[in-house]
Amino acid sequence: MCGRFVIAGNRADLIDAFEVDEAVEDELRPSWNVAPTDTVRLVVERLDPHTGELTRRLEPARWGLIPSWAKSASVGSRMINARSETLLEKPSFRAAALKRRAIVPADGYYEWRKNDDGSKTPIYLHGPDGSLLGFAGLYEFWRDPATTSPEHPQGEWVVSCTIITRPASDALGEIHDRTPVILPPDLRGDWLDPRNDSRPAVQELLDAIPDPHLVPRLVGKRVGSVRNDGPDLIEPLPEPASEA
């Protein structure tokens with residue numbers, strides 16, 4: 001799964017890396033310990049019904065997908081990830097998989113490797129060249145009944161998202177059995193295009209995404225608490241001193 005990640009690049013970095021046309025926010029607050037229900041950034045494409053023009057946008061969203069039929073936002077905390085194998089079957093995800101696909105930008109993410117003694121070692125995984133990663137994701141719109149007002153009698157809209165995962169390849173499988181689906185730059189446009197809206201087309205997109213090549217780095221245990229944040233969380237642990 002993917003339960004914590006890093007997005008430390010600024011707004012200009014994201015616009016450039018993901019070829020964004022419009023950004024709806026000002027400068028972004030970096031985080032080295034993004035956790036479920038936090039606000040993350042989405043790259044999406046919207047189709048103008050009159051001109052047929054696609055616009056790529058950078059938007060905020062709550063991490064943890066809230067289905068449109070949900071009674072409460074709390075369900076989102078259990079839907080931070082969606083399995084690629086069942087994406088087109090699960091009621092919570094199948095509509096979004098056809099119409100509302102997104103990219104969640106990240107510098108890297110954390111996994112916890114289980115050790116023989118029962119302890120867990122946090123590991124930071126990132127691209128070999130340090131470039132931004134693009135997690136394949138989905139997004140959804142939900143009306144919050146707790147925010148009803150004369151202007152919004154049904155409640156204000158909440159945009160939420162999930163990150164898609166798949167079984168890990170052999171190398172990554174030694175750390176965790178699942179990994180985020182990471183889109184290479186040449187497949188990002190096809191993934192975002194809302195005109196690819198049939199089950200066979202979406203399945204073909206998923207099948208075409210290669211396994212990522214990531215670099216693991218042992219890091220300290222402070223990342224285990226959501227209260228901790230800062231670039232020190234991704235600093236590599238010092239090499240153990242060799243015996244004389």
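Residues numbered from 1 in each chain as written. Predicted model: local features only at pLDDT ≥ 70, side-chain atom pairs only at ≥ 80, totals over all residues. Heavy atoms only, no water.

## Examining the environment of H126
Mapped onto the secondary structure, H126 falls in strand β9 (residues 120-126). Apart from the residues within four sequence positions on either side, H126 is in contact with D107, G108, L214, V215 and R217. Of note is the side chain of H126, whose polar atom sits 3.4 Å from the side chain of R217. (Helix = DSSP H or I, 4+ residues; strand = E, 2+ residues; numbered from the N terminus. Contact = heavy atoms within 4.5 Å. Polar contact = N/O pair within 3.5 Å; in protein donor to acceptor, adjacent residues only side chain to side chain.)

## Things to note about the side chain of T165
Secondary-structure assignment places T165 in strand β11 (residues 156-167). Within the local environment of T165, its side chain forms a polar contact with the side chain of R178, the two groups lying 3.1 Å apart.

## Some words on the environment of A146
Within the secondary structure, A146 is located in the loop between β10 (133-144) and β11. Accessibility expressed as a relative area gives 70% for A146, which makes it exposed. Put simply, A146 and A73 are 73 residues apart on the chain and 10.0 Å apart in space, counted from C-alpha to C-alpha. (Buried < 20%, exposed > 50% of the residue type's maximum accessible area, 1.4 Å probe, protein only.)

## Some thoughts on the layout of surface pockets
The space that makes up the largest pocket amounts to roughly 300 Å³. What lines the largest pocket is a set of 18 residues, and nearest its centre among them are S131, L132, L133, I182 and P185. Going through the elements one at a time, β10 and α4 (185-192) are the ones with two or more residues in the lining of the largest pocket. Tallied by class, the residues present in the lining of the largest pocket amount to 11 nonpolar, 4 polar and 3 charged. (1 Å grid on protein atoms, 1.4 Å probe; cavity = no way out; pocket = protein on both sides within 12 Å on 5 of 7 lines; lining within 4 Å. Points joined across faces, edges and corners; volume = space filled by probe spheres on them. Nonpolar A, V, L, I, M, F, W, Y, C, P; charged D, E, K, R; others polar.)

## Let's talk about the sheet that holds strand β13 (residues 215-218)
Here we have 5 strands laid out as an open sheet, ordered β3-β1-β8-β9-β13, and antiparallel in their pairing. Of all the strands in the sheet, the pair left with one neighbour each is β3 (31-34) and β13. The mean inter-strand angle of the sheet, taken between neighbouring strand axes irrespective of direction, is 30°. (Pairing = 2+ DSSP bridges. Axes fitted to C-alpha atoms, helices over the stretch in contact; angles between N-to-C directions.)

## Quick look at α4
Buried residues of α4: L187, R188, W191 and L192, and no others. All buried residues of α4 project into a common sector of 130° when viewed along the axis, lining one side. (Arc of directions from axis to C-beta.)

## Looking at the nonpolar core
As a rule of thumb, nonpolar side chains are buried together in soluble globular proteins. Among the nonpolar cores identified, the biggest contains 57 residues, and F5, L42, W63, L87, F135, L138 and W191 are the most heavily contacted of them. The dominant element in this core, judged by the number of residues it contributes, is β10, at 6 residues. Setting aside residues no more than four positions away along its own chain, L87 makes contact with A82, F93, R94, A97, L138, I164 and L206. Counting residues in hydrophobic clusters, the runner-up holds 8 residues, among them Y110, Y124, V219 and L233. (Core = buried A, V, L, I, M, F, W, Y, C linked by side-chain atoms within 4.5 Å.)

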